[in-house]
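# An overview of the molecular structure
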Amino acid sequence: LAIGIRDYTTTVASYHYYLNTVAEQSLCYGPGLLEEQQADRPTCFRLQARNQLGENRKSGRDEWFVRAQRKEQNADGKDILREVPVELVDFDNGQYEVRFTAEEGDLIIAVQLVEDGQHHRDIRGSPFKPTFTKNAKSRANEYLGPLVNTWTVQTLRQLEDFYRSTEAGQNTKLKEGDVKSLIKVMTHIRDMYTQEGDLLRKQDEVFETLAHIERDNVPIEK
C-alpha cells in the first residue's frame, strides 16, 4: 500500500490457491480393497484426492464418508449388512488412509466425497468388494505383500492385452463388402469408449500403487 511517495506496507504475504477435490478424479488403492485378505487382522488402503485436472492434491481436510459393511445372514436366513468400524487418517498432503479389521467373509466398502457438507459422491471404483479368509497368504494385508503384487501384475497384463487387441482390431484392413470385418472394427471402437473410464482408473491405481512402493523402497513379497 502506498499513498503518494510514502509506502505504508511493511510485510509480504504469499497465498497459494488449490483446485478443489473432485470425486470423479479421486481414487483408492491398497491391500484393504483386495480379495483373500487375512481375517481378524488389521488392514488398510489409501485414498488419493485429485482435482478436476486429475492432479494429486497437496493438502488435506476434505470431508469423506467411508462405510464398510460385512455380508451376513440373520436368524431367519435373510441377507443383512453389518457395519464394520473404520478409521480415517488424514496425512494433510492429499492422501488419506482407511484402517479397519474384518472377520472372515465378504465386505462392501463405499468411499464418497462429501460436498458442501451434504452431497455424497462416489469416487472412482466405489463401492469396493474385498474378501477375507482365515487362511490367507503371509503378509496378505500389507502394501508390500503378495496380494498387492499379484493385483499389480494382473492389472498391467489386462491393460496391455486390451491395448493390443484394440489396436489390432482398429488396424484391420477392410475389403469392399466385408461387413463382418467392419462390424469387428466397430465393436473394438465401441469397447474402447465404453471401457475408457474403467481402464484409466486401473491405470491410475497401478501408478499410485507403484509410487507408494517406491516411496517405501522395500522389495515386494512374492
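Reading guide: rules and limits
- Residues numbered from 1 in each chain as written.
- Predicted model: local features only at pLDDT ≥ 70, side-chain atom pairs only at ≥ 80, totals over all residues.
- Heavy atoms only, no water.
- Helix = DSSP H or I, 4+ residues; strand = E, 2+ residues; numbered from the N terminus.
- Buried < 20%, exposed > 50% of the residue type's maximum accessible area, 1.4 Å probe, protein only.
- Areas by Shrake-Rupley, 256 points an atom, 1.4 Å probe, with all protein chains shown as cover.
- Core = buried A, V, L, I, M, F, W, Y, C linked by side-chain atoms within 4.5 Å.
- Contact = heavy atoms within 4.5 Å.
- Phe/Tyr/Trp six-rings, centres within 6.5 Å; stacked < 30°, edge-to-face > 60°.
- Pairing = 2+ DSSP bridges.
- Axes fitted to C-alpha atoms, helices over the stretch in contact; angles between N-to-C directions.

### Details of the overall build of the protein chain
- Tallying secondary structure elements over the protein chain gives three helices and twelve strands in all.
- In the protein chain, which comprises 222 residues, the proportion classed as buried is 39%.
- Surface summary for the protein chain: the accessible area is close to 14500 Å², and the carbon and sulfur share equals 49%.

### A look at the nonpolar core
- The biggest cluster of nonpolar side chains holds 22 residues, and the ones touching the most others in it are Cys28, Phe45, Trp64, Phe100, Leu107, Ile109 and Val111.
- If you list the elements that add at least two residues to this core, you get strand S5 (42–48), strand S6 (64–73), strand S9 (95–101) and strand S10 (105–115).
- The element best represented in this core is S10, accounting for four residues.
- When sequence neighbours within four positions are dropped, the list of residues in contact with tryptophan 64 reads Thr21, Ser26, Leu47, Ala49, Leu88, Tyr96, Val111, Gln112, Leu113, Val114 and Ile123.

### A closer look at the environment of tryptophan 64
- For tryptophan 64, the position within the fold is in strand S6.
- Separated by 32 residues in the primary sequence, tryptophan 64 and tyrosine 96 have C-alpha atoms spaced 9.6 Å apart.

### Looking at the packing of aromatic side chains
- This structure, assessed with the given rule, holds three aromatic pairs.
- Ring geometry for phenylalanine 100 against phenylalanine 132: centres 6.1 Å apart, planes inclined by 75 degrees, an arrangement best described as edge-to-face. Here the residue phenylalanine 100 occupies a position in strand S9, and phenylalanine 132 occupies one in strand S12 (residues 131–133), the gap between them amounting to 32 residues. Taken individually, phenylalanine 100 and phenylalanine 132 each receive the classification buried, so the pair is uniform in this respect.
- The rings of Phe45, Phe100 and Phe132 are connected pair by pair, giving a single aromatic cluster.

### Section: the sheet that holds S5
- In space, the four strands of this open sheet follow the order S3-S5-S9-S8, with antiparallel pairing throughout. In this open sheet, the two edge strands, each paired with only one partner strand, are strand S3 (27–29) and strand S8 (86–90). Recorded for the sheet is a direction-independent mean angle of 25 degrees between the axes of neighbouring strands.
- Of the pairings in the sheet, the one linking S3 to S5 comprises three bridges and is antiparallel in character. Paired with tyrosine 29 across the strands is arginine 46, a residue of S5.
- The sheet strands contacting helix H3 (residues 196–216) are S3, S5 and S9, and the helix crosses S3 at an angle near 50 degrees.

### Here we look at the pairing of strand S7 (residues 79–84)
- Here S6 pairs with S7 via six bridges, running antiparallel. Its bridge partner lying in S7, glutamate 72 is registered against isoleucine 80.
- Counted along the chain from S6 to the antiparallel partner S7, the turn is five residues long, and its residue glycine 77 has a positive phi close to 80 degrees.

### Remarks on the pairing of S9
- Summarising burial for S9: five of the seven residues are buried, a large majority.
- Pairing analysis gives five bridges linking S8 to S9, with the strands arranged antiparallel. Across the sheet, residue valine 86 finds its bridge partner in S9, namely phenylalanine 100.
- Between S8 and S9, which pair antiparallel and follow one another directly, the connecting turn spans four residues, one of which, aspartate 92, has a positive phi of 60 degrees.

So yeah, pure geometry; function would need other evidence.
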